[in-house]
Amino acid sequence: MKISTARRRLAPFAVASAAALLLVACGSDDNDDNGDDTSTSSDDSNSDDSGDGAENASDEGEELSGNIEIDGSSTVAPLSEAAAELFMQQHPDVQVSVGTSGTGGGFELFCNGETDGSDASREISEEEIAQCEENGISFEGIQVANDAMAVVVHPDNPVQCLTTDQLNQIWGPDSTLSNWNEIDGLEEDFDESLDLYGPGTDSGTFDYFTEAINGEAGAQRTDYNNIGEDDNSGILGVEGSVGGMFYVGYSYYVENQDRVRALEIDGGEGCTAPSPETVESYVPLTRPLFVYMSDVALERPEVQAFADFYVNQENETIAEQAGFIGMTEEQAAAASEKVDSLIGN
Amino acid sequence: MSVNQDEHRLAGRARIAVAGARAATGDVFGRSSRRERLGNVVFPALLLLALSVALAGLLAIIVWAVVEGGSRANVDLITNGTSRLDAASAGYREAILGSLYVIGGVILLIVPLGVGAAIYLEEYADKTRWWNRLIELNIQNLAGVPSIVFGILGLAFVVRGPLSLGFVAAAGAITVAMLVLPTVIIAAREAIRAVPPSIREGSLALGATQWQTIRRQVLPAAFSGILTGTILAVARAFGEAAPLLLVGATTFVTFDPSLFENRFTTLPVQIFNYSKQPQEEFQVLAAGGALVMITLLVVVNSFAIGLRNKFERRW
């Protein structure tokens, strides 16, 4: 009697665990099937390619195919997307995807071997290098363009130029400035309350600006309008506020020149406006943008072709299309040399 | 038709009964004060206000999407793929397909799992046992866990770890299914509980087994309620972006998705990405995407609601 009730109670559990086992077994079967399927299907597509791509193959010698996965900085993403789109027009069988997990998030995936390339708006950090080494991922960082950080103000603001020291007065962690006429050494007399807009503390723009202006990444006054990740809302804020000020990537300024004005910045080279011609003198707010490629990925012909395309062949077009500032001749030469040595050109 | 007339008659009767009761209590206790009568008007007004706030939000979104994105409301928006270089003719092809793949996977997972769990908890579980009560409590708690936490779970256990599916649409479907499963379980339980015990008892008394009773009586009777829960869950899954970003939803994908290969993208992810771009054309495109999404939701929901009405039963 006791045994039978126990059995009755346990019966559903026994059935459930049997079902679970069955599911697991089926699951692994499925996986095996999938593995087979994918390999056969990719074989199929390869053979298709070699048939179809005869006319395309003429300029490359062989038709490229495969997947290239890139992730990382949302600032650099437009560049990589433009590069990917142009590249895929020439090589329709290569599938390039570009994600925007942020520079740090991108490196985490990259150093885990989960992506082929990582967009970065800063250089890879010591910790991230250690992470990559731990997982046996070796890599190369290649500069692909420049970004100038524009300090934008309301069009009615009479101020033309700020020195980095004045920017530090405004944005420093201990700053209590609340009016434009409190800024030391400002020629124009502008009696309007300071209305500060800045990006969220997770963004690479925030890190770079605070390091360049306040001397320490992350050090900045906290009583400003934190617009998070949506740079457009910072533009909107400054547009509606005569005393407004916001720092933002160059492409956001270029697209909104009718709504906001960029200040000239004097970082020791005289007052300079951000522009493609002032990469060397718009200091310290011009920053290089990078793509990191893993050595394992660079052994694949499609990745080699993509790197060559991105850095050597179409770099200027890509930067222009994506709204960024191209590399100077020196920078371009250095990047080309690096890519050539990597892909054995 | 006859159901409607019945309802009408019942409502009419109720009104007469209320009026009669009010007159009777008025005779005994004196007429209700002016304040009470005023309250009788103010309360429904407040209720209407609450309703209009909810509807105004929806209306604002639709109006904004039409005004901003109306110029892009054409077939290109659905059939064309994403483009960085040509925003004016870019569309949501990969995102729509990606969303449908993920949602399809979610439905396949949540319906059997959710209904199964609900049947167990309602029909089989002995509620005097502590472990069954613990399971119930945990399901309620799970419904309140932030979606990003499920994203992290999906990254650790589905994309990497035991399942190791990689960053693919199937991983997205499993992650979102886990996220909305509690909603389905709770709704399905309510629906099963709403089936009158007399139906079960009648079936059992006629010699049907418990499984036959559930399959032939309880489930058909609870079907419309279960469907309501599923609609809510699918609508939520459709709009979810944060957990998907962690398990492989990528912003720039120019190829059609597949369940077990390659990265994918979904509508909310793509709209979010476009809306952040500096170029105005992309913001118009984002508004157009909102239109696509609203339309798709309306289509999917109308289908489900039609299905529900077809199977609805009254006791």
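See the structure printed just above.
Now for a look at the structure at hand. Source: prediction; values computed, not measured. (Residues numbered from 1 in each chain as written. Chains lettered and ligands numbered in written order. Predicted model: local features only at pLDDT ≥ 70, side-chain atom pairs only at ≥ 80, totals over all residues. Heavy atoms only, no water.)

Tallying secondary structure elements over chain A gives 12 helices and 12 strands in all. Relative to its 345 residues, chain A shows a buried fraction of 46%. The contacts of chain A with a sequence gap of at least 6 include a subset with a gap of at least 24, amounting to 73%. If you sum the accessible surface of chain A, you get close to 16200 Å²; carbon and sulfur atoms cover 46% of it. (Helix = DSSP H or I, 4+ residues; strand = E, 2+ residues; numbered from the N terminus. Buried < 20%, exposed > 50% of the residue type's maximum accessible area, 1.4 Å probe, protein only. Contact = heavy atoms within 4.5 Å. Areas by Shrake-Rupley, 256 points an atom, 1.4 Å probe, with all protein chains shown as cover.)

What follows concerns the state of the cysteines. Note on terminology: disulfide describes a covalent bond linking the sulfur atoms of two cysteines. Residues and elements named next belong to chain A. Throughout the structure, instances matching the rule amount to two disulfides over all chains. A disulfide bridge connects Cys111 with Cys132, and the sulfur atoms are separated by 2.0 Å. What sets the handedness of the Cys111 and Cys132 disulfide is the S-S torsion sign, and at about -75° it is left-handed. Separated by 21 residues along the polypeptide, Cys111 in the loop between helix H4 (102-110) and strand S3 (117-120) and Cys132 in helix H5 (residues 126-134) bring together distant segments of the chain. Between the sulfur atoms of Cys161 and its disulfide mate Cys271 the distance is 2.0 Å. Between Cys161 and Cys271 the sulfur-sulfur dihedral comes to about -95°; the bridge is accordingly left-handed. Linking Cys161 in strand S5 (residues 161-163) with Cys271 in strand S11 (residues 271-272), this pair joins segments that are 110 residues apart in sequence. Using a relative accessible area of 15% as the deciding quantity, one classes Cys161 as buried. Accessibility expressed as a relative area gives 43% for Cys271, which makes it partly exposed. Indicated for chain A is the disulfide connectivity 1-2, 3-4, based on numbering the bonded cysteines in sequence order. (Disulfide = S-S within 2.5 Å.)

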